[in-house]
Amino acid sequence: MSYVVTWWENAVRHNIACKDEESALQTAVTLRKRSDAYVHHSLVPIHVMTQRTHERMESLAKSNDSTLCRHGLLRVCVTCLSS
């Protein structure tokens, strides 16, 4: 199963596709270390999700869907999209 690591740099969201969960988690750890080293380049939040979840998130963002997640806090929640 493919995994995607997403993060923000300033106001721009980035993502990297990884072939397995282990490499995705390793990439996330590397990004968190980099984030700690450069405080003015905050990279948090960093999310690791499946390719399917990432595609669902992208389609909701492109369609400007305003549905709130079951937590009622976020428009697009990784936890809710994963289930």
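Everything below is about the structure printed above this text.
Quick caveat, the model's predicted, so the values are computed rather than measured. (Residues numbered from 1 in each chain as written. Predicted model: local features only at pLDDT ≥ 70, side-chain atom pairs only at ≥ 80, totals over all residues. Heavy atoms only, no water.)

*Asks:* How would you explain the overall build of the protein if you had to name every residue and give the values?
*Replies:* Across its full length, the protein holds three helices and three strands. Reading the helices (α) and strands (β) of the protein from amino to carboxyl end gives β-β-α-β-α-α. Counting only residues that meet the buried cut, the protein has 27% of its 83 residues in that class. For the protein, the share of sequence-separated contacts (at least 6 apart) that also reach a separation of at least 24 residues comes to 42%. As displayed, the protein offers around 5,800 Å² of accessible surface, 55% of which is attributable to carbon and sulfur atoms. (Helix = DSSP H or I, 4+ residues; strand = E, 2+ residues; numbered from the N terminus. Buried < 20%, exposed > 50% of the residue type's maximum accessible area, 1.4 Å probe, protein only. Contact = heavy atoms within 4.5 Å. Areas by Shrake-Rupley, 256 points an atom, 1.4 Å probe, with all protein chains shown as cover.)

*Asks:* Account for the pattern of salt bridges, with residues named and values stated.
*Replies:* Counted under the stated rule, the structure contains one salt bridge. A salt bridge links Glu 58 to Arg 13, with the nearest nitrogen and oxygen atoms 2.1 Å apart. Residue Glu 58 is found in helix α2 (residues 51–62), and its partner Arg 13 is found in strand β2 (residues 12–18); the two are separated by 45 residues along the sequence. (Salt bridge = Lys/Arg side-chain N within 4 Å of Asp/Glu carboxyl O.)

*Asks:* If you had to explain α2 to someone new, which residues and values would you point to?
*Replies:* For α2, which comprises 12 residues, the first-to-last C-alpha distance of 16 Å matches the rise-based estimate of 16 Å (1.5 Å per residue) to within 8%. Those residues of α2 that sit buried are Thr 53, His 54 and Met 57. One face of α2 carries all of its buried residues, which in axial projection span an arc of 100 degrees. For α2, exposure combined with an orientation more than 90 degrees from the buried face picks out Arg 52 and Lys 62. Looking at the buried positions of α2, the neighbouring elements they touch are β1 (3–9), β2, β3 (47–50) and α3 (78–82). Looking one or two places after α2, you find Asn 64, whose phi comes out positive at around 55 degrees. (Expected span 1.5 Å × (residues − 1). Arc of directions from axis to C-beta.)

*Asks:* Let's hear about the side chain of Thr 53: which residues, and what values?
*Replies:* Within the secondary structure, Thr 53 sits in helix α2. When its relative accessible area of 3% is taken as the criterion, Thr 53 is described as buried. At a separation of 2.9 Å, a polar atom in the side chain of Thr 53 contacts the side chain of Thr 50. (Polar contact = N/O pair within 3.5 Å; in protein donor to acceptor, adjacent residues only side chain to side chain.)

*Asks:* I'd like a rundown of the nonpolar core, residues and numbers included.
*Replies:* Of all hydrophobic cores here, the largest spans eight residues; its members are Tyr 3, Val 5, Trp 7, Cys 18, Ala 24, Ala 28, Leu 31 and Ile 46. Counting residues per element, the ones that place at least two in this core are β1 and α1 (21–37). Excluding anything up to four places from it in sequence, Cys 18 contacts Ser 2, Tyr 3, Val 5, Ser 23, Ala 24 and Thr 27. Within the second largest apolar cluster, five residues are counted, among which are Val 4, Met 57, Val 78 and Leu 81. (Core = buried A, V, L, I, M, F, W, Y, C linked by side-chain atoms within 4.5 Å.)

*Asks:* So what about the sheet that holds β3? Which residues, and what values?
*Replies:* Taken in spatial order, the three strands of this open sheet run β2-β1-β3, and their pairing is antiparallel. Taken across any chain shown, the strands that pair with only one partner, and hence form the sheet edges, are β2 and β3. When the angles between neighbouring strand axes are averaged without regard to direction, this sheet yields 25 degrees. Across seven bridges, β1 lies against β2 in antiparallel orientation. Counted as the bridge partner of Thr 6 is Asn 15 from β2. Across the sheet, α2 is in contact with β1, β2 and β3; its angle to β3 comes to roughly 100 degrees. (Pairing = 2+ DSSP bridges. Axes fitted to C-alpha atoms, helices over the stretch in contact; angles between N-to-C directions.)

Limitation: the analysis is restricted to geometry and does not speak to function.
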